[in-house]
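Take a look at the letters that make up each chain.
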Amino acid sequence: HGVLTERLLEKAGTVIAIEKDRDLIPVLGERFEKELEEGNKKLSILYHRADEISKIDDLTQISNRRHFFELLTQKIQTQRETGGSFYLVIFDIDHFKLFNDQHGHKAGDFILKSVAQLFQDVKRDPGDLAYRYGGEEFCLVFPDLSAEEALLKLEEFRLKVSHHQFVYEGEKLQ
């Protein structure tokens, strides 16, 4: 009853072998199942992480358009079911194309990242969300507020942006 080993695959310097022995088959099966389960857990974690990453704008590190549409659909459904409210604000950065033409795209990227960060600094409620819709367009979502409260938050954000000193590579940008 000796152990017979057959070489099945050699890849990247690793030899995978099957040992044929009546006593070893259950042990190998259990080990394989355990390794498969661990591999599936790792794969699931990677899948969820990839899904999270796919919802984030690379430049601004806030949610992107794809995530915005997912959330908007959920908010509308929740509002219909519960009667709750949310305020959606869509805005762009005035004269952004001209700014990019005058200062370059790297300076424009700096402004986009800065505006996104300013919203993160102003928001107080975890439900307040910002999305980069595209280019210089952003969406803000304020859940469960009165119209007056939403306008106050929006005005606070507008003032924060308008009074902020944007300095890029030692130059004050307007």
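Described below are features of the structure shown in this document. Numbers given for residues are sequential positions, taken from 1 along each chain in its written order. The predicted nature of this model means local features are confined to residues of pLDDT at least 70 and side-chain atom pairs, given and counted, to a pLDDT of 80 or more, with totals for whole chains, interfaces and linings taken over all residues. Remark: hydrogens and water are excluded; side-chain values derive from all non-hydrogen atoms of the structure.

### Concerning empty space enclosed by the protein
1) Next: Both cavities and pockets are sets of points on a 1 Å grid over the protein atoms alone; in a cavity a 1.4 Å probe fits but cannot get out, in a pocket the set is open with protein on both sides within 12 Å along at least five of seven lines, and lining residues sit with an atom within 4 Å of a point. Grid points are joined across faces, edges and corners, and a volume is the space filled by probe spheres set on the points. In total, this model carries one cavity of 30 Å³ or more according to the counting rule given.
2) Next: In this structure, the largest cavity spans a volume of roughly 40 Å³.
3) Next: The wall of the largest cavity is formed by Phe119, Val122, Lys123, Arg124, Asp128, Phe142, Lys153 and Glu156.
4) Next: Only helix 4 (105–122) and helix 5 (147–163) provide two or more residues apiece to the lining of the largest cavity.
5) Next: Under the grouping applied here, Gly and all other residues not named as nonpolar or charged are polar, the nonpolar ones being Ala, Val, Leu, Ile, Met, Phe, Trp, Tyr, Cys and Pro and the charged ones Asp, Glu, Lys and Arg. Residues belonging to the lining of the largest cavity are distributed by class as follows: three nonpolar, no polar and five charged. Elements are defined by DSSP. Helices are runs of H or I of four residues or more, strands are runs of E of two residues or more, and each kind is numbered from the N terminus.

### Describing unusual backbone geometry
1) Next: Despite not being glycine, Asp144 shows a phi value in the positive range, around 50°.
2) Next: A positive phi angle is found at Glu169, which is not glycine, with a value near 50°.
3) Next: Counting through the fold element by element, Glu169 comes out in the loop between strand 7 (166–168) and strand 8 (171–173).

### With respect to the environment of Ser85
1) Next: Relative to the elements of secondary structure, Ser85 occurs in the loop between helix 2 (65–82) and strand 4 (86–92).
2) Next: Sequence-wise, Ser85 and Leu145 are 60 residues apart; in three dimensions their C-alpha atoms are separated by 6.9 Å.
3) Next: It only takes one pair of heavy atoms within 4.5 Å for two residues to be counted as in contact. Residues in contact with Ser85, not counting those within four places in the same chain, are Gln79, Pro143, Asp144 and Leu145.
4) Next: Side-chain atoms alone can form a polar contact between residues adjacent in sequence; in general such a contact is a pair of N or O atoms within 3.5 Å, and within protein one must be able to donate a hydrogen while the other accepts it. Only 3.5 Å separates the side chain of Ser85 from the backbone oxygen of Leu145, close enough to count as a polar contact.

### Some details on the packing of aromatic side chains
1) Next: For Phe, Tyr and Trp, where Trp contributes only its six-membered ring, two rings pair if their centres lie within 6.5 Å, and the inter-plane angle classes them as stacked under 30 degrees, edge-to-face over 60, or tilted in between. As enumerated under the stated definition, the model contains 10 aromatic pairs in all.
2) Next: Among the aromatic residues, ring-to-ring pairing joins Phe91, Phe119, Phe138, Phe142 and Phe157 into one connected group.
3) Next: Consider the ring centre and the ring normal. A charge sits over the ring if Lys NZ or Arg CZ is within 6 Å of that centre and within 35 degrees of that normal. Sitting above the plane of the Tyr133 ring, Arg65 keeps its charged end 4.0 Å from the centroid.

### Focus: the layout of surface pockets
1) Next: Its volume calculated, the largest pocket comes out at about 670 Å³.
2) Next: Ile93, Asp94, Val161, Ser162 and Phe166 are the residues nearest the centre of the largest pocket, which is lined by 24 residues in total.
3) Next: Ranked by the residues each element gives to the lining of the largest pocket, the list is headed by helix 5, at seven residues.
4) Next: Broken down by class, the residue content of the lining of the largest pocket amounts to 12 nonpolar, eight polar and four charged.

### Description of the sheet that holds strand 5 (residues 129–134)
1) Next: Here the rule is simple: two strands pair whenever DSSP picks up at least two bridges between them. In space, the four strands of this open sheet follow the order 3-5-6-4, with mixed pairing throughout. The open sheet has two edge strands, strand 3 (63–64) and strand 4, and neither has a second partner.
2) Next: Bridging between strand 5 and strand 6 (residues 137–143) involves five bridges; their strand directions are antiparallel. Pairing of Ala130 across the sheet is with Leu140, part of strand 6.
3) Next: To get an axis, a line is fitted to the C-alpha atoms, and for a helix only the part in contact is used. The angle between two axes follows their N-to-C directions and goes from 0 to 180 degrees. Along the sheet, helix 2 contacts strand 3, strand 4, strand 5 and strand 6; its crossing angle with strand 5, the most-contacted strand, is approximately 130°.
4) Next: In the packing of helix 5 onto the sheet, the strands contacted are strand 4 and strand 6, and the crossing angle to strand 6 comes to about 140°.

### Points about the pairing of strand 6
1) Next: Partly exposed describes any residue whose relative accessible area lies between the buried limit of under 20% and the exposed limit of over 50%, with all areas from a 1.4 Å probe on protein chains only and scaled to the type maximum. Summarising burial for strand 6: six of the seven residues are buried, a large majority.
2) Next: Here seven bridges tie strand 4 to strand 6, and the two strands are oriented antiparallel to one another. Note that in strand 6 the partner of Ile90 across the bridge is Cys139.

### Notes on the pairing of strand 5
1) Next: Note that strand 3 and strand 5 share two bridges and pair parallel. Across the sheet, residue Ser63 finds its bridge partner in strand 5, namely Tyr131.
2) Next: Adjacent in sequence and paired antiparallel, strand 5 and strand 6 are bridged by two residues, among which Gly135 carries a positive phi angle near 55°.

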